[in-house]
Amino acid sequence: EAGVAQSPRYKIIEKRQSVAFWCNPISGHATLYWYQQILGQGPKLLIQFQNNGVVDDSQLPKDRFSAERLKGVDSTLKIQPAKLEDSAVYLCASSLDIGSSSYNSPLHFGNGTRLTVT
Amino acid sequence: AQSVSQHNHHVILSEAASLELGCNYSYGGTVNLFWYVQYPGQHLQLLLKYFSGDPLVKGIKGFEAEFIKSKFSFNLRKPSVQWSDTAEYFCAFTPGGKLIFGQGTELSVKP
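The rules behind these values
Residues numbered from 1 in each chain as written. Chains lettered and ligands numbered in written order. Predicted model: local features only at pLDDT ≥ 70, side-chain atom pairs only at ≥ 80, totals over all residues. Heavy atoms only, no water. Helix = DSSP H or I, 4+ residues; strand = E, 2+ residues; numbered from the N terminus. Rg over C-alpha atoms; globule rule 2.2 N^0.38 Å. Buried < 20%, exposed > 50% of the residue type's maximum accessible area, 1.4 Å probe, protein only. Contact = heavy atoms within 4.5 Å. Buried area = accessible area lost by both parts, 1.4 Å probe. Salt bridge = Lys/Arg side-chain N within 4 Å of Asp/Glu carboxyl O. Nonpolar A, V, L, I, M, F, W, Y, C, P; charged D, E, K, R; others polar. Pairing = 2+ DSSP bridges. Axes fitted to C-alpha atoms, helices over the stretch in contact; angles between N-to-C directions.

## Points about the overall build of chain A
Okay, step 1: Within chain A one finds 0 helices and 11 strands.
Okay, step 2: Its helices and strands taken in sequence order, chain A reads β-β-β-β-β-β-β-β-β-β-β from the N to the C terminus.
Okay, step 3: Whereas a compact globule of 118 residues would reach a radius of gyration of roughly 13 Å, chain A reaches 13 Å, a difference of no more than 12%.
Okay, step 4: In terms of its C-alpha atoms, chain A occupies a principal-axis envelope of roughly 40 × 25 × 25 Å.
Okay, step 5: Buried residues in chain A amount to 45% of all 118 residues.

Shown next, in the form of structure tokens:
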């Protein structure tokens, strides 16, 4: 099966600029996740979608970050305006299960987008 | 606070050495436990998981992990590592439906 696709692989922007990341999950996977991984740390969940609805966005900095999954398939994550501390790898993952069982099946991760904010 | 701690940031071993990576979580309720691995240049992938039953679980490539409830631990083991095991290893758990990762342990295996 095709894996989780993310683009771009790398992005360099200046602080206060905006940036968007795109994710195409594995076909048929209902649940989609965006994680932020800062250098030297483990991935941190930003937002979780089930189909096109938000399940958990408690750790998403909503003053500058937004995400959508309009048709329940592809998703975009946007940062506007970016800060230096947003430099990180942004990982998208998807899984087959939904609801309380969403972690019972493995999360399939994309290769991530490495963002550098200067 | 709900968290998971990995004891070592970077481990360096020679081939054929035994491996044990420590993982401890902080949560009083029922949890599911995972080890994920990220090989150089590749995406994160599941190594093994524990939901219930036998606390000793076996994963891919000869890895195993043991859940010790009394110690809130889920250590990863392999009796004999290979150069191809060089990777970053992440312990993770699900308190209350969220998947929380540890900070990762980088394993370097010298041929």
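Continuing now.
## Digging into the interface of chain B and chain A
Note: interface size is frequently given as the accessible area lost on complex formation between the parts.
Okay, step 1: At the junction of the two partners, chain B supplies 19 residues and chain A supplies 16 residues.
Okay, step 2: Buried surface at the junction of chain B and chain A, summed over both partners, amounts to about 1400 Å²; 55% is from carbon and sulfur atoms.
Okay, step 3: When the buried surface of chain B facing chain A is broken down by residue, Leu44(B), Lys98(B) and Leu99(B) rank first, second and third, together holding 31% of it.
Okay, step 4: Put simply, chain B and chain A have 0 salt bridges between them.
Okay, step 5: The dominant element in the side of chain B that touches chain A, judged by the number of residues it contributes, is strand β5 (residues 33-38) of chain B, at 3 residues.
Okay, step 6: Counted by class, the side of chain B that touches chain A contains 8 nonpolar, 9 polar and 2 charged residues.

## A look at the sheet that holds strand β3 (residues 19-24) of chain A
Residue and element names in this part refer to chain A.
Okay, step 1: Strand order in the open sheet made by the 4 strands is β1-β3-β8-β7, with antiparallel pairing throughout. The sheet is open, and its two borders are formed by β1 (5-7) and β7 (65-68), each paired with just one other strand. Averaged over all adjacent pairs, the angle separating strand axes in this sheet is 15°, with direction ignored.
Okay, step 2: One ladder, built from 4 bridges, connects β7 with strand β8 (residues 75-79); its direction is antiparallel. In the strand pairing of β8, Phe65 is matched with Ile79.

## Some points on the pairing of strand β12 (residues 105-110) of chain B
Along a regular strand, successive side chains alternate from one face of the sheet to the other.
Residue and element names in this part refer to chain B.
Okay, step 1: Judged from the 5 bridges that link them, strand β2 (residues 10-14) and β12 form a sheet pairing that is parallel. Bridge assignment links Ile12 to a residue of β12, and that residue is Ser108.
Okay, step 2: As judged from the 3 bridges shared by strand β10 (residues 87-93) and β12, these two strands associate in the antiparallel manner. Of the residues in β12, the one forming a bridge with Ala87 is Leu107.

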